[in-house]
Number of protein chains: 2
Amino acid sequence: MHIDMLETPAAVVDLDKLEANIKRLQAYLDEHGIANRPHIKTHKIPAIAQMQVAAGAAGITCQKLGEAEIMADAGLDDIFLPYNIMGQSKLERLMALAKRIQLSVTADSEYTIRGLSEAAQQADTTLSVLVECDSGLGRCGVQSPQEASELAKLIVALPGLSFGGLMSYPNSDEMDVFVRETKNLLEPDGIQVERVSGGGTPQMWHAHEHPELTEHRAGMYIYGDRYTLKSGAMTLDDCAFSVIATVVSRPTEDRGILDAGSKTLSSDLLGLDGHGYILEYPEARIVGLSEEHGKVDFSECASRPAIGERVTIIPNHCCPVNNLFNEIVGIRNDEVEVVWPVAGRGALQ
Amino acid sequence: MHIDMLETPAAVVDLDKLEANIKRLQAYLDEHGIANRPHIKTHKIPAIAQMQVAAGAAGITCQKLGEAEIMADAGLDDIFLPYNIMGQSKLERLMALAKRIQLSVTADSEYTIRGLSEAAQQADTTLSVLVECDSGLGRCGVQSPQEASELAKLIVALPGLSFGGLMSYPNSDEMDVFVRETKNLLEPDGIQVERVSGGGTPQMWHAHEHPELTEHRAGMYIYGDRYTLKSGAMTLDDCAFSVIATVVSRPTEDRGILDAGSKTLSSDLLGLDGHGYILEYPEARIVGLSEEHGKVDFSECASRPAIGERVTIIPNHCCPVNNLFNEIVGIRNDEVEVVWPVAGRGALQ
């Protein structure tokens, strides 16, 4: 089927570009001896995860336990889950997963670590736990090398756990300092930090500038979006992911309405102006979204679309957009080659 | 199962409150002789649509053709689709639907109307078409009563179509003026405007103040959210919909991280400050969302949660949040009574 026959809104991936994006980052990280552990939150599609592993990734990263289970069911056998997992039900699921694949997780508190240890003992397994470090993002993570070293020692001391290293996000100079200081604090006890996991698509081509890094996690690099473009890490020509929409109304000379609103493009702004970039009308601005309507200001465009015309949108943020679709359409030379269900969609628990 | 046993994040609906919300709006609209045509975009769950119809709704409103098909499959047999439907594939699906249920749609252009007429003729059916009027929202809709009357006359003139009336959103005094002027323009031709469909949850208790209105469409009224609370149309005690999340990290004295981010709470702000209201910590502010992390500032709270504690969030906007979950959990007296798949989720085409 030709791309023009797809009903809109459709989320399409250019397979040539997707493959090139996978290959490019893998080659760069290989060159610098950094393990590649792509984050599947962006696509949530086992087939794409398998492409990433086939290209040389050491394993994958998932953000939720449910995602990890879906990926494991599809044959992905080395998964990093950088999240504090807690609560009896989730801990039981986590240990069931640990028994069938290579699994590692993070923790940033004694509470999480003790829960993991008890559950691992009950399940008679050993889980690799990295300490999450907040090196500036202000999200999860211990606040100091002192805290990091104390948690590392706790992981070493408790049964059912092995100390897996340190994790932070995104890569930064502060991360390097944080890691070095933590290593220094652990050295007297003979505790080695073998794995330092960082990440981020905007920073991906600078991964080699962080000497402590042993592993890089990137998600958006396979697709690209307006945010990634702005960061300079990818070019418009690299962008593999777009939304095809139809102009369903032209109420005024300047205004056009697309059949793609916030339930298609998400409401993520990420500091950008407007809700997406329209390839065919670069001067157009998507000025507002209702749930199923995208409002476009075409006033700066020399030519303007007719009702029924289709446009191609590079969204602000590819991850939530992918997550709003049931299926992603893979195209090559404008022909549909594959349709992937977004298997990990809504696996929030 | 007790609500405390649900894995988080979970989207829960208090069934007593849901039923009360359905009953309250129905009674009000019945009292004023206005047809109730609830918008299922909020819940996308056939069972809730059936509750709304059982309570007295004249039919339902869907925003996408795919949603309407799912609702029709579930037995909902009177559906309003206030959208410009175009393109051969969608027009064929629309006419297939028109042949099995009571269906009406909107149009705001000659292009849409001619497409509907041709498709209806080919399918040997008749479709009811309302003219969408922009009475101030600045989205779809004709801009003047003159245009509205011209499209109404075109609908009357073309085969396969019947003129269904006028539609606008949200209810406003401007809408009343627009409708009256359009009626005046149609009177000489003997064209009656039998149905005037307006809507909106924030304005719902003022529907009777719009003399032209014959039908009201509301979506959020069944659930309620922070936006609806701010509008004054519902109280906190009316809010039937919430997200249960767990505090998975407490990196600093003031900061807490929830296992609910933008893929759970959506990024919709709707002019509100922060990303949700935490019932147990009214002074807390959800200051930022990553995809799977919600960052909370507890600095204004006298007591603060421990890691592992669960909290209840009233989201900014219930519709996109509902759309991010695979399942909605119906509870009564804190016990799970039903689990509904969000059947219409992702039915974007």
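Residues numbered from 1 in each chain as written. Chains lettered and ligands numbered in written order. Predicted model: local features only at pLDDT ≥ 70, side-chain atom pairs only at ≥ 80, totals over all residues.

Visitor: Please provide a residue-by-residue account of the interface of chain A and chain B, values included.
Guide: Chain A puts 48 residues into the contact, and the matching count from chain B is 48 residues. Among the elements that take part in the side of chain A that touches chain B, helix H10 (residues 318–324) of chain A stands out by supplying 4 residues, more than any other. A class-by-class count of the residues in the side of chain A that touches chain B yields 14 nonpolar, 22 polar and 12 charged. (Contact = placed C-beta atoms within 7 Å. Helix = DSSP H or I, 4+ residues; strand = E, 2+ residues; numbered from the N terminus. Nonpolar A, V, L, I, M, F, W, Y, C, P; charged D, E, K, R; others polar.)

Visitor: Kindly report on the nonpolar core, identifying the contributing residues and their values.
Guide: Of all hydrophobic cores here, the largest spans 207 residues; its most connected members are A:Met71, A:Ile79, A:Val129, B:Met71, B:Ile79 and B:Val129. Not counting the four nearest positions on each side in its chain, A:Val129 is found in contact with A:Val105, A:Thr106, A:Ala107, A:Ile113, A:Leu116, A:Ile155, A:Leu161, A:Phe163 and A:Gly164. (Core = buried A, V, L, I, M, F, W, Y, C linked by C-beta atoms within 7 Å. Buried ≥ 20, exposed ≤ 12 C-beta atoms within 10 Å, placed from the backbone.)

Visitor: Which residues make up the sheet that holds strand E4 (residues 78–81) of chain B, and what are the values?
Guide: All names here are of chain B. Judged by pairing direction, the sheet is parallel, and its 8 strands sit side by side in the order E2-E9-E8-E7-E6-E5-E4-E3 without closing on themselves. Where the open sheet ends on each side, the last strands, each with one partner, are strand E2 (35–36) and strand E3 (60–61). In terms of strand pairing, strand E8 (residues 196–199) meets strand E9 (residues 215–217) through 3 bridges, oriented parallel. The residue of E9 that forms the bridge with Gly-199 is Arg-217. Helix H6 (residues 145–157) contacts strand E5 (102–107), strand E6 (127–132) and strand E7 (161–167) of the sheet and is inclined by roughly 155 degrees relative to E7. (Pairing = 2+ DSSP bridges. Axes fitted to C-alpha atoms, helices over the stretch in contact; angles between N-to-C directions.)

Visitor: Could you give me a rundown of unusual backbone geometry, with the residues and numbers involved?
Guide: Residue and element names in this part refer to chain A. For the peptide bond that leads from Tyr-169 to Pro-170, omega is -15 degrees, which places it in the cis range. Position of Pro-170 among the secondary structure elements: in the loop between strand E7 (161–167) and helix H7 (173–186). Within the chain, Lys-44 stands out as a residue other than glycine whose phi angle is a positive 60 degrees. Mapped onto the secondary structure, Lys-44 falls in the loop between strand E2 (35–36) and helix H2 (46–54).

Visitor: Give me the lowdown on helix H1 (residues 15–31) of chain B, citing residues and values where you can.
Guide: Residues and elements named next belong to chain B. Taking 1.5 Å per residue, 17 residues should reach 24 Å; H1 reaches 24 Å between its end C-alpha atoms and fits that length. Buried within H1 we find Lys-17, Leu-18, Asn-21, Ile-22, Leu-25 and Leu-29. Projection of H1 onto a plane perpendicular to its axis shows the buried side chains occupying an angular sector of 140 degrees, all on one side. When the buried face of H1 is taken as reference, the exposed residues oriented beyond 90 degrees from it are Asp-16 and Glu-31. At the C-terminal side of H1, Gly-33 shows a positive phi close to 65 degrees. (Expected span 1.5 Å × (residues − 1). Arc of directions from axis to C-beta.)

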